[in-house]
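Here's the letter readout for the chains.
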Protein chains: 2
Amino acid sequence: MEEFSLLIKNIEKHLSLNETEKEELRQFFTFKKLRKRQYFLQEGDISHYSAFVINGCMRSYYVDVNGFEHILQFAIEDWWITDMMSFTKKTEAKLNIDALEDTEMLLITREQQLKLFEKIPKLEKYFRIITENGLISYQNRLLESMSLHAPERYANFIKRYPALNKRLPQTQIAAYLGITPVFLSKIRNINNH
Amino acid sequence: MEEFSLLIKNIEKHLSLNETEKEELRQFFTFKKLRKRQYFLQEGDISHYSAFVINGCMRSYYVDVNGFEHILQFAIEDWWITDMMSFTKKTEAKLNIDALEDTEMLLITREQQLKLFEKIPKLEKYFRIITENGLISYQNRLLESMSLHAPERYANFIKRYPALNKRLPQTQIAAYLGITPVFLSKIRNINNH
DNA sequence: GCCATTAGTTAAACTAGATTAAGGTTCTGA
DNA sequence: TCAGAACCTTAATCTAGTTTAACTAATGGC
């Protein structure tokens, strides 16, 4: 199936797989489509799956006591997304995950993931690297949120994810940057003189 | 050597090791002492080592363009610390790491770590779990920094790390919470009525 | 194809937290 | 042992970003 080729390409950035392994790999994943606005995970549920996005766009976010949404991650094609805490420890998710566009993805459960590590041990390496990179990017974001003002954070966002900047509504970008849409509007207009 | 027992205990929280494996393990680490204020890593260098703290206290921090320090992590006994970006990708470190107290630690290089994974594959699992937990904790911190005000973040810090709250100077805690020492002083006094 | 919701703009009033500054205390190392 | 450094407190002033509100533009569900 065509869906797998993107995942396999992604894995092969980090290690090589023979045909048998590629074939075995497929057995561990399920395919799923989401409509725009559809939930993949709701706060309080357990995140049984980790998702690899094939096309479309997802977001994970936290809803605070005042009902405001704070976006932790966007995931477009070739990205992984889950509530890592809930997925690895089977605790109730604090995050919501939903689709910002119609989205297709490949899912794996934690149990299947652990079995996969036994069957094809080098995939443990793949997931270790993915996780290392995720840690690095959260670390970077925390660092930027502590040391930069909103206009600089927005400038970095544009530079790092030019595609997302065009693709996403301003509300979502503001919720990712940790500012209000009103303030992002102001920043954008100041940038355009 | 006594130093290893803490590391082995830490590993055995996640998987079991036989005596041979424990013995092999030791070959991959080196022991190091740091005096208070001594650098373990300086911005611009490459982080050749990841460190497991046996006793004492370390911190990793970023110095912004105005010379202010922003602390990403404290590491006391039983914690790992490094600049993950520099350690895994051999890039120039953006972070500094130094000792807040006289500290003893065990070091491993990235090369040794990768060799270790080949020799004792289940240690890849150990480091995957450590990394997953690190990712979760950065994610949580980012989320708190976006959704809570400073007094609540401080309250959570006290609850989560009561020992650190007593052990560290206020300047360091403020640099971790992303506020000024002046403001932390205010928060503390309001809390004491 | 229309109406209701969602998304974006602009401006005025407000606030969490920064900055500056001055004075007091506690550490530390030669 | 003592001088400089690091640390803490309090208060006044300032600012980045929020809140509210009123208006316009774009979407999308029926």
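One structure accompanies this document, and this report is about it. (Residues numbered from 1 in each chain as written. Chains lettered and ligands numbered in written order. Predicted model: local features only at pLDDT ≥ 70, side-chain atom pairs only at ≥ 80, totals over all residues.)

Brief notes about the protein's contact with DNA strand C
What surrounds DNA strand C is a group of 16 residues, the closest being Pro169, Gln170 and Ser185 of chain A together with His149 and Phe183 of chain B. For the surface near DNA strand C, the elements supplying multiple residues, two or more each, are helix H8 (170-177) and helix H9 (181-191) of chain A together with helix H6 (150-160) and helix H9 (181-191) of chain B. Ranked by residue count, the leading element in the surface near DNA strand C is H9 of chain A, at six residues. Among the residues making up the surface near DNA strand C, the classes are represented as eight nonpolar, six polar and two charged. (Near = placed C-beta within 6 Å. Helix = DSSP H or I, 4+ residues; strand = E, 2+ residues; numbered from the N terminus. Nonpolar A, V, L, I, M, F, W, Y, C, P; charged D, E, K, R; others polar.)

Some remarks on the packing of H6 of chain B against H9 of chain B
Residue and element names in this part refer to chain B. For the pair H6 and H9, the least separation of the axes is 10 Å and the interaxial angle reads 75 degrees. Taken together, the axis directions place H6 and H9 in an arrangement best described as roughly perpendicular. Here Ala150, Pro151 and Tyr154 of H6 come into contact with H9, specifically with Phe183, Leu184 and Ile187. Of the residues assigned to the contact of H6 with H9, the class counts are six nonpolar, no polar and no charged. (Axes fitted to C-alpha atoms, helices over the stretch in contact; angles between N-to-C directions. Parallel < 35°, antiparallel > 145°, perpendicular 65-115°, else oblique. Contact = placed C-beta atoms within 7 Å.)

Topic: the pairing of strand E4 (residues 57-63) of chain B
All names here are of chain B. The element E4 is largely enclosed, with a buried count of six among its seven residues. Strand direction decides the pairing type here: E4 and strand E5 (residues 69-76), joined by seven bridges, are antiparallel. Within E5, the position partnered with methionine 58 by the bridge is alanine 75. Once E4 ends, the chain turns through five residues before running back antiparallel as E5, passing glycine 67 with a positive phi of about 85 degrees. (Buried ≥ 20, exposed ≤ 12 C-beta atoms within 10 Å, placed from the backbone. Pairing = 2+ DSSP bridges.)

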